[in-house]
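Each chain, written out:
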Amino acid sequence: MRPGVVASVLVVALLCWVPIHRSETPLSPTPPSVPAGPPVSPPVLRSAPAGPPPPSATVLRDSLLQNFSGPRSDAGPRPHSGAVPNSARIETPPPPTPNTVPTVQTFLSYSLGCCVQENFTVPTGTWETVVLNYTGLAVGGVYDTSYRAYLDGTLVLYGTTPEYGTWTVLQNLSEYSRLLHGVANLTFLLGGTTIGAFRTNLTLSYYPVPTGASPPPAPDEIIPLWLFESVTSSGQMIYANATVPSNVSSAVLQLYAFPYQSDEFFWDGSSGPNPTGLRIVEFGLNSTPLGSIIPFPFIQTGSVDFYLWRPISGAFTLNMPAYQLNLTGALGDIEGNHRFWADLQGVGVGAKWEVEASLLLWTNASIVSARPLSHSFTGPSTTTSGGVQRAQLTFESTSEIVGQTRSWNASSATTITFSDALAPVGSGNWQNVTESTVFSETTSIETPKGNASEVRTYGFPLSVDLGAKFVETSSTGGGYPILGNFTTYMLNTHQQWDASVTSFGPSPVGPVITDQRLTDDQLADASGYFGGEEQFATPTSNPTILAYNSSGSSTTKEYTETTGPPTDARIYSHLLAGSTLQPAPPYFAETVTADVTQSTPFPLQGTVIATPSAMDLGAGTVLSATATGGIAPYRYLWSGLPPGCLGAGNSSSVHCTPTTAGSFQVVLRVRDSSGALGPDSAVVLLVAEPLSARLISPTGVIDQGGNATMYPLVTGGVPPLACQWAVNRVQSAGNCSTPFVASGPVVGTLLVQLTVADATGATATSRPANITVAPGLTVAVFLTAAGVSVHAGTPVSVSAVTTGGAGAVSFNWTLNGTLLNGAGGSNLTFVPAGAGTYQFAVLATDASGNQVLSNAVDLNVTSPASPRIGPAVSSTSGFPEWAGYAAIAAALAELAVLAWVIVRRPPRQPAPRPTPPVPRGPPPAGPPRGAR
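Given the structure is predicted, the values throughout are model-derived calculations rather than measurements.

About the cut-offs
- Residues numbered from 1 in each chain as written.
- Predicted model: local features only at pLDDT ≥ 70, side-chain atom pairs only at ≥ 80, totals over all residues.
- Heavy atoms only, no water.
- Helix = DSSP H or I, 4+ residues; strand = E, 2+ residues; numbered from the N terminus.
- Buried < 20%, exposed > 50% of the residue type's maximum accessible area, 1.4 Å probe, protein only.
- Contact = heavy atoms within 4.5 Å.
- Areas by Shrake-Rupley, 256 points an atom, 1.4 Å probe, with all protein chains shown as cover.
- Salt bridge = Lys/Arg side-chain N within 4 Å of Asp/Glu carboxyl O.
- Pairing = 2+ DSSP bridges.
- Axes fitted to C-alpha atoms, helices over the stretch in contact; angles between N-to-C directions.
- pLDDT = per-residue confidence, 0-100.
- Core = buried A, V, L, I, M, F, W, Y, C linked by side-chain atoms within 4.5 Å.
- Disulfide = S-S within 2.5 Å.

A.B. asks: Tell me about the overall build of the chain, and name the residues and values.
C.D. replies: When helices and strands are counted, the chain shows four helices and 55 strands. Burial statistics for the chain: of 932 residues in total, 45% are counted as buried. A separation threshold of at least 6 residues defines the contact pool for the chain, and within that pool the share at least 24 residues apart is 73%. Carbon and sulfur atoms make up 57% of the accessible area of the chain, which amounts to about 41,900 Å² in all.

Quick look at the structure:
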């Protein structure tokens, strides 16, 4: 009997909790004047419809317990003990700003007034960044409520307040610079609250463009579409008329969709005909659907456990990004005047959605119009299997953009997938939610240099475990009133918004890749609980909350932003611990008496840079270390230093004059005061051999007007190297990898020198190369015979005479145009074999390779005086050949005379035989007989 009573009482108690969970006050303002004009009346705010209907008794009885935020009494003002706990924070990194002094305009200064609707004059100037600063302060106990900011009717900021402390949102408005000229209108709307209050500070800061820089690119036209539109039922249409000009080169739809009331509780399994997070916003023009989105199913601040996200907020709820859809491929459809529409499918009963949008347009004067080529739209196909609901939708458009000189095509294709593993309501004490939404869009545009493309993705994973219990402490014999302690849990929470845009575009040097990533992550293992005491008077009565006696929560939240490459990620990380609540009767409202908020330190990281990182041997460098994150002070651990580095130790700065050439990887590790050791950070030092330069010249002499080729031989130095050539001290351009050609226009000497500079500024100059420029080569040919006509068989001499030229000259003779093999001297002897005309010429080549063809001479040959056998030719470089023949003939004649003399001479008498000695006496009277 008792368990049944307890269950029934619990059901009744939970039924009573649900309607009073939230008193959200969405905004429904009067639209501001657009464009800016006279001041308009303040917006009208109206209260929200009642909260979500309670889940059925059957659902709750089957699940025994269901987890909702605890009840809140609106019986009176909510006191707080002491100062309001302050969790002042910026949950997302502030936008980067230039190092220029901003001009600041203040609209609200911690005012209790909720709203601004003001025409203002924009300061004169060119702005690099314009930042909207909204800082809010919760005074007393408040519920979360929405806020929005508009420029000339264009929504530029959308968010939800926390329920505690002080917060700051810094929104970069540079994208809307088209609206920030002359007189503009700023409208800021903040939902009202029936308890407590908000204080608001609102400013605009204008940062001038730095000297020499250009303002960031931004849309040329911005057209607001649906403004201040609320959708409360499936299929409800919203409309806006707009005219899109014909010279648009690119178009983006900036769409906001945010749920309130019952759809904040989609996870309880009872929020209408589609008890999951699947909602679909479809948009189009006239009668044609253009595309859709599946908005992410947030578990918002306070919708389940307002202690868990106190003071931290749900993912991206302080500054909700817009869904960006590239409609460039649909320009042929949207150009001109059309009625744009949107509707929302799958809205839960009692839900309310805010849907707003603007068109961002980039224009080009050379564009004439756009023509639609193709379009397809496939609505969501939904399946359910194994307790998992899945959905997918796709759409695609292609248009021809017509320019004044050429046309090109642009196409956009989008695919969105959704899955929901919301555990069906069962008989346990827990409910598990797991959902995933993925948006992927690709846009391609033709360009003369290649296709430009953009890939945009959104992702939203969501998971949470919800549980509750009620423990009875006393009753009246099993009857009423029943007193008990309740505890609700929200564990393992993870929700995350990822946005990524990667652009590829042609440029003179190749594709340009820009990657932007934004992530707001409510990390897993987040947990929260709260408990208290309550009383059930009767089975049908609402429970009376006697006290909140305990609560606690801890979660980590991390925001990362990467724009690059090569920019590193910027990370903001938070760790928050929960509160102890003990409100005094009769208010039964939360009062924060203890709260710990601490920022987790950034990861320990050391960074080393070398100035310079490349040097010539003998030059110096400085290694500088920087430590971030962790807990200071730091120790610096160095390794890999080259010889010649001094003062490493624990210093953050090391001076080096390397004594050895080579490449050295220097590694730094940082240790913080807690003993944590950061990852390696490395830098490569390049120490080059000393720079030197030499010239290699194949020749030392050239002809006038000729060229001398010089080959550079450069060693050492830090690349890149720059070479400068000088000819007779006149500088001449050149490089270090190809030969240099020096010309000699006048006779004389060329003095060629090479000077090399490396990346460090070091220089080296070669020894000069001396090139002699000789007069130009000339050659003449003439016959040395007695005339130009001879008899066949008569030797003939032909001679070549040269002037100028570089070095030794070689000769190649031709006879009647045919090269004479073996005839290479300056003189040629030729013995013609028969009658005819013989033509002689010679090609002279000097040492520099210069070639000159001589004149041609003709020799007429008549019939021979006597037969001879064959012609004869020879060539020398000394006396003429006929002189040799003459010498031989003279020698033969001399021999003939000598022979004749010998023949005519009397024969020599033989010597007389010896006679015996005779006595001395007078000689004989006459010669002996027979003597001649």
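A.B. asks: So what's going on with the environment of Gln 495? Residues and values would help.
C.D. replies: Within the element layout of this structure, Gln 495 appears in strand β24 (residues 479–505). Along the primary structure Gln 495 and Ala 315 are separated by 180 residues, whereas in three dimensions their C-alpha atoms are 6.5 Å apart.

A.B. asks: Explain the side chain of Ser 205 to me, and be specific about the residues and the numbers.
C.D. replies: Take Ser 205: it is sitting in strand β9 (residues 197–208). When residues no more than four places from it in sequence are discounted, the contact partners of Ser 205 are Pro 102, Thr 103, Val 104, Thr 129, Val 130 and Val 131.

A.B. asks: Mind laying out the pattern of salt bridges, listing which residues take part and the relevant values?
C.D. replies: Any two side chains of opposite charge can pair, on the condition that their charged atoms come close. What the rule picks out here adds up to seven salt bridges. Between Arg 371 and Glu 400 there is a salt bridge, with the nearest N and O atoms lying 2.6 Å from each other. A residue pair is termed long-range when its members are at least 10 positions apart, and Arg 371 in strand β19 (residues 367–385) and Glu 400 in strand β20 (residues 388–403) qualify at 29 residues. By relative accessible area, which is 18% here, Glu 400 ends up buried. The residue Glu 441 makes a salt bridge to Arg 456 at a minimum N-O spacing of 3.9 Å. Taken together, the positions of Glu 441 in strand β22 (residues 430–445) and Arg 456 in strand β23 (residues 452–476) put the pair 15 residues apart, joining distant regions of the chain.

A.B. asks: Explain the sheet that holds strand β42 (residues 740–743) residue by residue, including any values.
C.D. replies: Hydrogen bonds between backbone groups are what pair the strands of a sheet, and the pairing can be parallel or antiparallel. In spatial order, the strands read β37-β39-β42; together these three strands make up an open sheet with antiparallel pairing. The sheet is open, and its two edges are formed by β37 (692–696) and β42, each paired on a single side. With direction set aside, neighbouring strand axes in the sheet form an average angle of 30 degrees. With five bridges joining them, β37 and strand β39 (residues 707–715) adopt antiparallel strand pairing. Pairing of Ser 692 across the sheet is with Thr 715, part of β39.

A.B. asks: Requested: an account of the pairing of strand β54 (residues 857–862), with residues and values cited.
C.D. replies: Side chains Val 857, Leu 859 and Val 861 project from β54 onto a buried face, and the interleaved Asp 858, Asn 860 and Thr 862 project onto a face without burial. One ladder, built from five bridges, connects strand β52 (residues 836–845) with β54; its direction is antiparallel. Paired with Gly 836 across the two strands is Val 861, which belongs to β54.

A.B. asks: Break down the confidence of the model for the chain for me, citing the residues and quoting the values.
C.D. replies: Per-residue pLDDT for the chain averages 75, and the proportion of residues at 70 or more is 72%. The low-confidence segment residues 1–87 (pLDDT under 50) makes 226 contacts with residues lying over four places distant or belonging to another chain. Between residues 908–932, whose pLDDT stays under 50, and residues either more than four places distant or in other chains, the model counts zero contacts.

A.B. asks: Got a sec to walk through the sheet that holds strand β14 (residues 280–285)? Specific residues and values, please.
C.D. replies: Strands sit in the order β12-β17-β14-β15 across an open sheet of four strands; the sheet is antiparallel. Every other strand in the sheet has two partners, leaving β12 (237–244) and β15 (288–293) as the edge strands with one partner each. Taking the axes of each pair of neighbouring strands and ignoring which way they run, one obtains an average angle of 25 degrees across the sheet. The pairing of β14 with strand β17 (residues 336–345) spans six bridges and is classified as antiparallel. From the neighbouring strand, Leu 285 faces β17, where its bridge partner is Phe 340.

A.B. asks: Would you mind going over the nonpolar core in detail, with residue names and values included?
C.D. replies: Judged by nonpolar contacts, the single largest core of 111 residues is most densely connected at Leu 225, Trp 226 and Trp 497. A total of nine residues in this core trace back to one element, the largest contributor, which is strand β13 (residues 248–261). Not counting chain neighbours up to four residues away, the residues in contact with Trp 226 comprise Ile 238, Tyr 239, Ala 240, Leu 255, Phe 283, Phe 340, Trp 341, Ala 342, Val 355, Glu 356 and Ala 357.

A.B. asks: Before we move on, could you go through the state of the cysteines and cite the residues and values that matter?
C.D. replies: Following the criterion strictly, the structure yields three disulfides and no others. A disulfide bridge connects Cys 114 with Cys 115, and the sulfur atoms are separated by 2.4 Å. Its torsion about the S-S bond being -95 degrees, the disulfide of Cys 114 and Cys 115 is classed as left-handed. We classify Cys 115 as partly exposed; its relative accessible area is 21%. For Cys 645, the disulfide goes to Cys 656, at an S-S distance of 2.0 Å. Across the disulfide from Cys 645 to Cys 656, rotation about the S-S bond amounts to roughly 115 degrees, and the bridge is consequently right-handed. With Cys 645 in strand β33 (residues 645–646) and Cys 656 in strand β34 (residues 653–656), this pair connects stretches of sequence that are eleven residues apart. Judged on exposure class, the residue Cys 645 and its partner Cys 656 are both buried. Each bonded cysteine of the chain is numbered by sequence order, and under that numbering the disulfide pairs are 1-2, 3-4, 5-6.

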